[in-house]
Amino acid sequence: MAVTTHPKLDAHRLRADFPVFDELVNGRPVAYLDSASSTQKPRPVLDAMRDFYEHSYANVHRGVYRLAERATAGYETARGKVAALVNAPSEREVIFTRGATEGLNLVAYAWGLDNLGPGDVVVVTELEHHSSFVPWQYVAGRTGAAFRAIPIDEQGELQLEALDEIEREGTVKVVANNLVSNTLGTINPVEKLAAWAHERGAIMVVDAAQAAPHRSLDVQALGCDFLAISSHKMCGPSGAGALWGRRELLEEMSPFNLGGEMIRSVSLSETTWNELPYKFEAGTPAIAEAVGFGAAVDYISEIGLDAIERHEHELVELALARLGELPWIDLYGPPPDRRAGIVSFNVHGVHPHDVAQVLDWEGVAVRAGHHCTQPLMTKLGVAATTRASFYLYSIPEEIDRLVDGLHKAKNSLG
Ligand SMILES: Cc1ncc(COP(=O)(O)O)c(C=O)c1O
């Protein structure tokens, strides 16, 4: 039988690509365990943006001169890279946005306001980031549609049985869910949800902000209708992201932002819309950021998303095992085989912000708070958690430093 070997990534070697790891915090290199919030940037991304500004910068789509052509080519090449990353059937279905939040708002406003009304139901989950929760709650409120959340069980996994009761409340029109939870790391069954949504004539909107950096994505295999991603969570610059949408839906939808670039013709009596994707890209876009986003897609693709996923899986297994040995820690979320590289926990008797503060003294950067998931915090019965999250440059030594720091926090404050 043929044995398949999967190349492992070498995180120690990759760290050399990231200038930030030369920084010292209290005399030690930073143990950056906050990648779910935003990732660090490698030299190829920084170089691509600097090079673009130095040699190819102009506004896009408008000029006939050489620099404008180069700028447009850089911007559109980046779109092609993003389209390939998510296996979009067409580049025209990829809209550049300012981030995942803007992509999800675009769908809620441009699709939701025209297609929802009394008697309809919008379904989200208790695990949603506010970016996938609040726009739908707001648009449901504006249109008179009901807004319901699929509950989670004790392990932080969706209780799909609840769908039977939810659908009795009206016509399900939207199911919106993150592929990976930013707080618990839960990997959600969006293929199943998409099939369920389509059987009822509803659309499936996927928030893949936490999935795209860590695993390969295929919008066609997921069977969704919209999928939003974020550049800054996958080694790219902030201020850039992308929304993929099914062409028929995007064609039918009203625009989201209005202004330059998104029009075909304007007169006193009527304005008509540009073709896809420009209909949804009003104004001057984040051009160099798109180029940096494209460079980030190249960077992580070259390392290999499968290798990144396996690396994070090893780290999350290690972290859960080490933290699980400490009786004064509460851990939240599913077992490692059903979660991405994110670990949320609380130290008995110590507020998460104090835990994060003590860890910072040790040069360990983690996040404390509600992680933009207040409904989830309510469900867990806590105001906040401390969260450590890993990426391709994270190393086991950083988990040792996390555990040492937690002992200090417990001993000094607990
Ligand atoms: C699951 C999830 N969705 C959406 C967002 C928002 O992404 P962006 O910062 O690109 O707007 C985040 C960021 O934390 C997230 O983790």
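Everything below is about the structure printed above this text.
Residues numbered from 1 in each chain as written. Predicted model: local features only at pLDDT ≥ 70, side-chain atom pairs only at ≥ 80, totals over all residues. Heavy atoms only, no water.

### Some details on the pattern of salt bridges
On inspection of all chains with the given rule, the structure shows 24 salt bridges. Measuring nitrogen to oxygen at the nearest pair gives 3.3 Å for the salt bridge that ties R62 to E261. Here R62 is found in the loop between α2 (43-55) and α3 (66-85), whereas its partner E261 is found in the loop between α9 (247-252) and β11 (263-266), with 199 residues between them in sequence. The partner of R148 in a salt bridge is E169, with the nearest N and O atoms 2.5 Å apart. Linking R148 in strand β6 (residues 146-150) with E169 in the loop between α6 (163-167) and β7 (171-178), this pair joins segments that are 21 residues apart in sequence. One salt-bridge network, in which partners are shared between bridges, spans D34, R367 and R387. (Salt bridge = Lys/Arg side-chain N within 4 Å of Asp/Glu carboxyl O. Helix = DSSP H or I, 4+ residues; strand = E, 2+ residues; numbered from the N terminus.)

### Side note on the site of the ligand
Taken together, the residues surrounding the ligand are G99, A100, T101, H129, S131, N182, D207, A209, Q210, S230, H232 and K233. Within the side chain of S230, a nitrogen or oxygen atom sits 2.6 Å from an oxygen atom of the ligand. Alone, the ligand offers 390 Å² of accessible surface; in the complex the protein occludes 87% of this. The class makeup of the residues in the shell around the ligand is two nonpolar, eight polar and two charged. (Near = heavy atom within 4 Å. Polar contact = N/O pair within 3.5 Å; in protein donor to acceptor, adjacent residues only side chain to side chain. Areas by Shrake-Rupley, 256 points an atom, 1.4 Å probe, with all protein chains shown as cover. Nonpolar A, V, L, I, M, F, W, Y, C, P; charged D, E, K, R; others polar.)

### With respect to the packing of aromatic side chains
Counted under the stated rule, the structure contains 13 aromatic pairs. An aromatic cluster is defined as three or more aromatic residues linked by ring pairs; in this entry it consists of F18, F21, Y299, Y391 and Y393. Positioned over the ring face of F21 is R15, at 4.2 Å from the centre of the ring. (Phe/Tyr/Trp six-rings, centres within 6.5 Å; stacked < 30°, edge-to-face > 60°. Lys NZ or Arg CZ within 6 Å of the ring centre and 35° of its normal.)

### So, the side chain of T186
You can see T186 is positioned in the loop between β7 and α7 (190-199). When sequence neighbours within four positions are dropped, the list of residues in contact with T186 reads L127, G156, E157, L179, V180, S181, P334, R338 and R339. (Contact = heavy atoms within 4.5 Å.)

### Here's the deal with the sheet that holds strand β17 (residues 385-389)
One open sheet holds the four strands; their spatial order is β13-β14-β17-β16, and the pairing between them is antiparallel. Strands with a single pairing partner mark the edges of an open sheet, and in this sheet they are β13 (329-332) and β16 (367-369). Looking at each pair of strands side by side, their axes are set apart by 30° on average, direction ignored. Where β16 lies against β17, three bridges are found, and the strand directions are antiparallel. Bridge pairing in β17 places R367 opposite R387. Where helix α12 (residues 352-361) meets the sheet, it contacts β14 (342-347), β16 and β17, and its direction lies at approximately 160° from that of β16. Sheet strands in contact with helix α14 (residues 396-413) are β13, β14 and β17, and its direction is about 20° off that of β14. (Pairing = 2+ DSSP bridges. Axes fitted to C-alpha atoms, helices over the stretch in contact; angles between N-to-C directions.)

### Notes on helix α4 (residues 100-115)
In a regular helix each residue adds 1.5 Å, so 16 residues correspond to 22 Å; α4 covers 22 Å between its end C-alpha atoms and thus fits that length. Restricting attention to buried positions, one finds in α4 the residues A100, E102, G103, L104, N105, L106, V107, A108, A110, W111 and G112. (Expected span 1.5 Å × (residues − 1). Buried < 20%, exposed > 50% of the residue type's maximum accessible area, 1.4 Å probe, protein only.)

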